[in-house]
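# Architecture at a glance
Given next are the chains, with one letter for each unit.
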Amino acid sequence: MCMTKPIIILTGPTASGKSALALFIAQEINAVIINADSQQIYREIPIITAQPSKEEQQQVPHKLYGTLSVAEHCTLGVWIDLVVNTIKEAHRNGQIPLLVGGTGMYIKALTKGISEIPDIAPDLRQEIRHLHQTIGQEAFYAKLKEI
């Protein structure tokens with residue numbers, strides 16, 4: 001992704017104080033905090049994933065926290081689309097995007113890009129799953145190695 005406007009990325013291990021630091025920074029520089037954690041995007045599990053509290057989220061704008069249902073599948077590509085749009089929105093609003101999270105794959109994909117992988121048709125996915133169930137793990141693995 002190539003952007004000429006500023007983006008701040010704050011990443012680190014779980015429970016290292018990223019959220020508190022992000023809140024402090026965002027208040028000081030008119031930033032919007034954007035989730036870069038693969039689990040905090042799901043709304044039904046805020047406590048398990050240590051999402052910022054409602055009080056924290058009211059202090060400065062927080063985006064992409066609790067955005068999707070756990071019934072939805074958030075792929076890397078889905079997150080990239082969501083985050084790029086959120087970054088652009090922040091810039092339009094005169095805010096600095098402050099990405100916060102510990103999912104290194106998300107950060108790497110955002111900064112370095114990802115390979116183009118075509119969508120896989122649902123019927124093909126079902127066919128492959130059925131083959132796996134029919135022939136078993138070992139035969140399926142052998143077939144993949146063969147291909």
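Anyway, here's the lowdown on the structure attached to this text.

Definitions and limits used
- Residues numbered from 1 in each chain as written.
- Predicted model: local features only at pLDDT ≥ 70, side-chain atom pairs only at ≥ 80, totals over all residues.
- Heavy atoms only, no water.
- Helix = DSSP H or I, 4+ residues; strand = E, 2+ residues; numbered from the N terminus.
- Buried < 20%, exposed > 50% of the residue type's maximum accessible area, 1.4 Å probe, protein only.
- Areas by Shrake-Rupley, 256 points an atom, 1.4 Å probe, with all protein chains shown as cover.
- Lys, Arg positive; Asp, Glu negative; His and termini not counted.
- Charge placed at Lys NZ, Arg CZ, Asp CG, Glu CD.
- Expected span 1.5 Å × (residues − 1).
- Arc of directions from axis to C-beta.
- Contact = heavy atoms within 4.5 Å.
- Pairing = 2+ DSSP bridges.

Secondary structure assignment for the chain yields six helices and four strands. In the chain, the succession of α and β elements from N to C terminus is β-α-β-α-β-α-β-α-α-α. Expressed as a percentage of the 147 residues in the chain, the buried residues total 33%. For the chain, the exposed area adds up to about 9700 Å²; of that, 56% sits on carbon and sulfur atoms. The average position of the 13 basic charges and that of the 14 acidic charges among the side chains of the chain differ by 5 Å.

With that settled, the discussion passes to helix H1 (residues 18-29). Compared with an ideal rise of 1.5 Å per residue, which puts 12 residues at 16 Å, H1 spans 16 Å between its outermost C-alpha atoms and is within 8% of the ideal. Along H1, the residues classified as buried are Lys18, Ala22, Leu23 and Ala26. Angular distribution of buried residues about the axis of H1 spans 130°; they occupy a single face of the element. Opposite the buried face of H1, at more than 90 degrees from it, the exposed residues are Ala20 and Glu28. Considering only its buried residues, H1 is in contact with strand S1 (8-11), strand S2 (31-35), helix H2 (54-59), strand S3 (62-63) and strand S4 (96-101). Immediately downstream of H1, the backbone of asparagine 30 shows phi near 60°, a positive value.

In this section: the pairing of S2. S2 sits mainly inside the fold: five of its five residues count as buried. Alternating positions in S2 separate into two faces, Ala31, Ile33 and Asn35 on one and Val32 and Ile34 on the other, with burial throughout. By the bridge criterion, five bridges tie S2 to S4 in an arrangement that is parallel. Its bridge partner being in S4, alanine 31 is matched across the sheet by isoleucine 96.

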